[in-house]
Structures are given as C-alpha cells and as structure tokens.
Amino acid sequence: MRRPSRETAQSQRRITRRGLVLGGLQLGVLGTLGFRMHYLQVKEAEQYRFLAEENRINIELIPPTRGQIFDRTGRIVARNVPAYRITMTRKDAGDVDSVLARLGALIDLAPEDIATALEELRTRRGDTPITVADRVTWDEISRVAANAPALPGVTPEVGLSRTYPLGADFTHVVGYVGPVSDYDLARIDAPDRLLLMPRFQIGKTGIEAREEDRLRGKAGTRRVEVNAAGRVMRELDRREGQPGTDLQLATDYMLQNYVQARLGEESAAAVVIDTETGDLLAIGSSPAFDPNLFVNGISSTNYNALLQNDHRPLVAKSVQGVYPPGSTFKMVVALAALESEIITPEETVRCRGYIEVADNRFHCWKRAGHGNMNLHTALRESCDVYFYELALKTGIERISAMARTLGLGQRYDIPMSGVHAGLVPTREWKRAARGADWVIGDSVNAAIGQGFVLASPLQLAVMTARIATGRRITPRLIKSIDGVEQPSGHGEPLDINENNLRAIRRGMFSVSNNNRGTAFSSRILADEFRMSGKTGTSQVRRITPAERRAGVTRNEDLPWNRRDHALFVNFAPHDLPRIAVSVVVEHGGGGSATAAPIARDITLQALYGDDPPLSAYPAKDRARISSQQEKLRDLRPPARDDRPTRA
C-alpha cells in the first residue's frame, strides 16, 4: 500500500490542530454562556423576577373622598359627585398625536383641551396620567372602553368632583376648589403625591382653602396587573385611605340665602352674629358669583367679567373690606369717656353746627346745629359736635383702647380668605406708619369714625354684640368638626361698668324707637323684637369750604364711586339680645336711608325664622315689604332635605 506523501501528512496534522483550536474556542464560548445562564437564572433570579414583576404590576394612588360641608341645620353646602374623565399616559400611548386623533373621532375634544393635554403630556413625567377630557358622558366613556385596543395609554375613569348646590349663597364663606396649578405646587414644600394626580382638586379660597388639610383626607393605594399596553387587567390588592373630615358651619342656609337676596346687586356686606354663642348665623357679601364656575377652571371670559366689575364680586367684603365706621364708632368714644369718668351721661355740649379746632372748622352733619346735647340725645340724633368735644377731652389712646376692648382692630381666627384686622390708630402707630406726629385734628376725625379708623362688617357686628351683652364675644364660623362641637364664642364679661353700657344701649334704643332717632323710619313694631341700633355715614371724599358755602352736593348727584358709604349696626331684642347685625353698603349714601332698612329686614327674618308678619313693620312700608317678600321667596333654595350619604 502506498504511503501518503510528506506534504499530505503535514496537511493532515495542520487540520487536526485547527480543529482542536476551533473546538476549544467553541467549548469556551459554550462554557461562558452556560456560566452566565447559571448566574442569571440561579444567583440573580430573585432580582430579575422582581424587575419582571415591576413591569407587570403597578401601584396606584386612590384619591380620598373630600370632606363635605354642611350648614348648622345639616343642609349640604359642598358635596362630591361622580365625574367621568378620560386620561392618557405618554409612555403607554407611544404616538400621542395618533392616539389623540383616534380618540377625537370617538368623543368631542375641544381644541383648547387638546392643546392643554399635549402641553401636560410634554412637561409631566411619562408615567403620569394626564386628563384629556373631563366630565364626559357615560356614552362617551362606553365608546372609549369599547375601542380600548386601538387606544393604547388611554383610560376611562370615574372620579369625584366638587359641587356647590346652593350656588352663590355661600361663595365668600365656603370658597371653591379647582385643579392643582403649577402656582399651587410652587407654594407647597414637598407636595403630597395626590396633588400630582390628573386634575386633582384643592381648595382655592374660603373654608375650602383654609381647611384644606382636614377636608382632603389621606390617599389609599392599590396594586394592579397591567398588560403590555399598560391597560389594567385585574386588581391584586387594595389599601383604603382616610376620607376627609366633614365640617358643619354655624351659618344657617335659609338666613344666608335671605341676606344675599336682600343685599341684591348692591356692593355691600352684612353679618348676623348669635349673641349667646358667637355663631355667625349669616355672613354675606354682594354681589356674589357661582363657585361652580371655578371647579374645573373658569373661562377667561367669565373671569374677566368678574374682575372688571366695579362692585368687586371676588372680594368677601364682610371680612376683607374695611371702611371708616362713621357714626357707628360714636359708642366707642362715649364708652371711653364714661369709663374714664371724663363725662356723665347727663352733661351737655352745645352744638352750633361746627367747632373750631386749630384754625380748622369741623362741621356737624346738621348744618344749623342740634343745640344742647347730652349722651342720650347725641346718640339718638348722631350729633357730631358732641363727640368732637368728647374725643378732645378723652384722647386717642383711651379711645383706641376701648375700640380694641370692643373687638375692633384685630384679626379674628375664622377660616375665610383675607380676614382683615382693620385699624385702630394711636400716636405710636402714626409715627411708625406715617412718620408724623398725632395732631388734634386726627382725634376730631376719629371721634366720628373717620380719618384713620377702619373696621370690617364682621368687627362691627362683634362690637355691637359686646355692647349688647357686656361679654367678650368672639365669632365662630365652624360649629363642629366630624360631629365634635367646637368651642363657643360666648366670652367672659368685659371690664366695663354695666351702668355705662346701659347708658349706651338706651341711646341706641332711641335711635330706632324715638321719633327723633336717625333710624326711626326703619323701626320694628313688634314689641317682643324691638331693636337698638346706630346709623353711620362715612365720607370717601373731602368736602371743600367752597362746596359747603354753595351747598354740599347730594349723594345721588355724585358718581357712584364718590358717594358716601352707608352703615348700620343693631342688636335685638333690646331687653334680651339674641342677635347682633351689621350692614355696610358701599357708596350707598346715608346709613339711615340705605343700610338701616336692610338691617331691620335681616333682623326680623333672623328672629322669626321665616317671613315676618307685615304688622312687624311700619304701616308705610308694608306694601313694599309684601312685594319684596314675594320676590325673595322665589330666590330661596328648595325646602326638601337633600342631605346625601358620603359619595
């Protein structure tokens, strides 16, 4: 047999070595793969199992049910109602524009809603659900659900939204909620994750804002299984959150409705306070607006209309508005003088129609003067000169101290927006705030509630309640929290001589019940409900000497915003006070002509609890009152009980 050639033998040896090398490399690769597979499947199995679970399981927040708000009778004031919405998540949607186009073929999407959704989808995290359409119908929800496979990342949801069944009546008290804005988030350190949920609503004004933490509640969580498109397949478990706290107001919805209706379209405010508990039975500001407009974001057209209204409907005048109290401040001056024993109630001052002070003439409202006045007649007829003289003898420091004792110049802790402290001036205040010394003319102006003195309608109601009872009454707006009664505002006795208080009350009684009293035309005829009050008129412009010589221009002949403010305060019944009332009508003219009739009507409505009999009014007013009652009845909310269970 022929032996292989030398070249062939060498070639065979080379092939064998090459095979061995290649085989070794193959074995190495297989070994590395095997080791890696063992490492991943055995040693790292737990970690990758967890990562896989993360892709399959989502943890979602469950928004809590917001606490509801009731009036003192249990009538619902702010409630929650089901609301359907459609959300989209960017990371699950993929081609957002394409998905929105398909969604738009199924439901009506306004161009501004699409633009807002695209902006939020662009700026928010990819896993954050963004509301594309809110308050959609059940039919629209059904169409979206039926076309779910063609709408990746789109989810129809059922949530809760806030509504205010009594409309504008409680706007300035309760306030309203709205979607969380970037401005809201910027004001909060470490905001709750709830606030990042699509269109989550928080309090913007009033009680809704001030009691936000109580009303909001705590979120729950749930674990859900999702498919590759991010659609929920099933719920694995759930941990319920904590619902918000329910609040009961001290305010009576029927009286509040009457106050708002009686103020009408005036730029005005009225406060009714219970003299036993300090409960704010009504606290109205006019004009008002429907808070439901703000819940889902108000249109620019509607908002601009509110903003440009010269009657300022967005302002809660009852607590935010501060005004020169005018002659309603005269009780403060009188009590300061009596307590300092500077005068007695019987001492008289002669009113010639003016006084001369430091080369300036300060006029009485009655140009010819009142003649000899004592405390009783000066209050009854509101003689300015009498109180000018009192203020000069008493001094601003004593007057300011008495004003604070009676509740002026302080901010009350009630949960409304922008509660104002008003201003009770002193010498020190003027030096600090104005860089000037107090002058004698400042005291004369303060004597009749002008100059630097400022008070809110709420403060004037508290002042009147303290005079009526001799106690340090404080206002209470929230009666109970989750059924727990809150501390009363009954108050301790004031450190004021009761005889001096009686002298003031007698003067106030004559204001309303003596035929020379400034509010006699607005008296109450029902003996058991006779009221004691005080008129006030505060100027918003300076009357020049030339105008006085020619004759002061009547309010009705002036532009609206240059007319005097009209004020009236009262308590009733005189012998056993149950309520105190304050009314301020911006640019309303005279307090006796404009504010006193409103206060009288509110007082009777509060005391009777329903439309008073016409016999309680002076005969000259009965035809007008009858017509007015019929008109205001049409504005009342339905009497049925609509108290719902928690949604």
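Residues numbered from 1 in each chain as written. Predicted model: local features only at pLDDT ≥ 70, side-chain atom pairs only at ≥ 80, totals over all residues. Heavy atoms only, no water.

Peer 1: Where do I start with the overall build of the chain in this structure?
Peer 2: Secondary structure assignment for the chain yields 23 helices and 21 strands. In the chain, buried positions account for 50% of the 647 residues. By sequence separation, contacts in the chain at least 24 residues apart represent 72% of the contacts at least 6 residues apart. When the accessible surface of the chain is totalled, it reaches about 31,000 Å², and 49% of it is carbon and sulfur. (Helix = DSSP H or I, 4+ residues; strand = E, 2+ residues; numbered from the N terminus. Buried < 20%, exposed > 50% of the residue type's maximum accessible area, 1.4 Å probe, protein only. Contact = heavy atoms within 4.5 Å. Areas by Shrake-Rupley, 256 points an atom, 1.4 Å probe, with all protein chains shown as cover.)

Peer 1: Looking at this structure, how should I read the sheet that holds strand S21 (residues 579-585)?
Peer 2: Strand pairing in a sheet takes place through backbone hydrogen bonds and is either antiparallel or parallel in direction. Pairing in this open sheet of five strands is antiparallel, and the strands run S12-S11-S21-S20-S19 from one edge to the other. Only two strands of the sheet have a single partner each, and these edge strands are strand S12 (280-286) and strand S19 (532-538). Taking each pair of neighbouring strands and ignoring which way they run, the sheet shows an average axis angle of 5 degrees. Examined bridge by bridge, strand S11 (residues 268-274) and S21 share seven bridges and lie antiparallel to one another. When the bridges of S21 are listed, Ile-273 appears paired with Ala-580. Against the sheet, helix H20 (residues 498-513) contacts S19 and strand S20 (565-572), and its axis sits at roughly 75 degrees relative to S19. (Pairing = 2+ DSSP bridges. Axes fitted to C-alpha atoms, helices over the stretch in contact; angles between N-to-C directions.)

Peer 1: Help me out: how do you make sense of the packing of helix H13 (residues 330-339) against helix H16 (residues 396-405) in this one?
Peer 2: The packing of two helices is summarised by the inter-axis angle and the distance between the axes. Orientation of H13 relative to H16, taken along the N-to-C sense of each, is 115 degrees, at an axis distance of 8 Å. Taken together, H13 and H16 sit at an angle that is classed as roughly perpendicular. When you trace H13 past H16, the crossing you get is right-handed. Contacts between H13 and H16 involve Val-332, Val-333, Leu-335, Ala-336 and Glu-339 from the former and Arg-398, Ile-399, Met-402 and Ala-403 from the latter. Among the residues making up the contact of H13 with H16, the classes are represented as seven nonpolar, no polar and two charged. (Parallel < 35°, antiparallel > 145°, perpendicular 65-115°, else oblique. Left-handed = near helix turned anticlockwise from the far one by under 90°. Nonpolar A, V, L, I, M, F, W, Y, C, P; charged D, E, K, R; others polar.)

Peer 1: When you look at the confidence of the model for the chain in this model, what are you seeing that I'm missing?
Peer 2: Interpretation of the predicted coordinates at a detailed level should be avoided for regions scoring low in pLDDT. The pLDDT averaged across the chain works out to 88; a share of 89% of its residues lies at or above 70. Low pLDDT, under 50, characterises residues 643-647; the stretch is placed with 18 contacts to residues that sit more than four places away or in other chains. (pLDDT = per-residue confidence, 0-100.)

Peer 1: Just to check I follow, could you spell out a nonpolar patch on the surface for this structure?
Peer 2: A contiguous nonpolar patch, built from Val-29, Leu-30, Leu-33 and Met-37 and spanning about 400 Å² of accessible area, is present on the exposed surface. Looking at where Val-29 falls in the secondary structure, it is placed in helix H1 (residues 6-43). (Patch = residues over 30% accessible without salt bridge, like charges linked within 9 Å, V, L, I, M, F, W, Y side chains within 5 Å. Salt bridge = Lys/Arg side-chain N within 4 Å of Asp/Glu carboxyl O.)

Peer 1: Please explain the nonpolar core as it appears in this structure.
Peer 2: It is characteristic of soluble globular proteins that their nonpolar side chains tend to be buried jointly. In terms of nonpolar packing, the biggest core is built from 97 residues, with Val-332, Tyr-386, Phe-387, Leu-406, Leu-408, Met-416 and Ile-504 touching the most fellow members. Residue contacts for Tyr-386: discarding those within four places in its chain leaves Ile-343, Glu-347, Val-349, Met-373, Asn-374, Leu-375 and Ala-378. Tyr-258, Leu-263, Phe-529 and Leu-607 belong to the second largest nonpolar core, which has 34 residues in total. (Core = buried A, V, L, I, M, F, W, Y, C linked by side-chain atoms within 4.5 Å.)

Peer 1: I tried to follow helix H15 (residues 384-394) on my own but got confused; where do I start?
Peer 2: One turn of an α-helix holds 3.6 residues; hence residues three or four places apart share an orientation. Most of H15 is tucked away: eight of the 11 residues are buried. Buried within H15 we find Asp-384, Val-385, Tyr-386, Phe-387, Tyr-388, Leu-390, Ala-391 and Thr-394.

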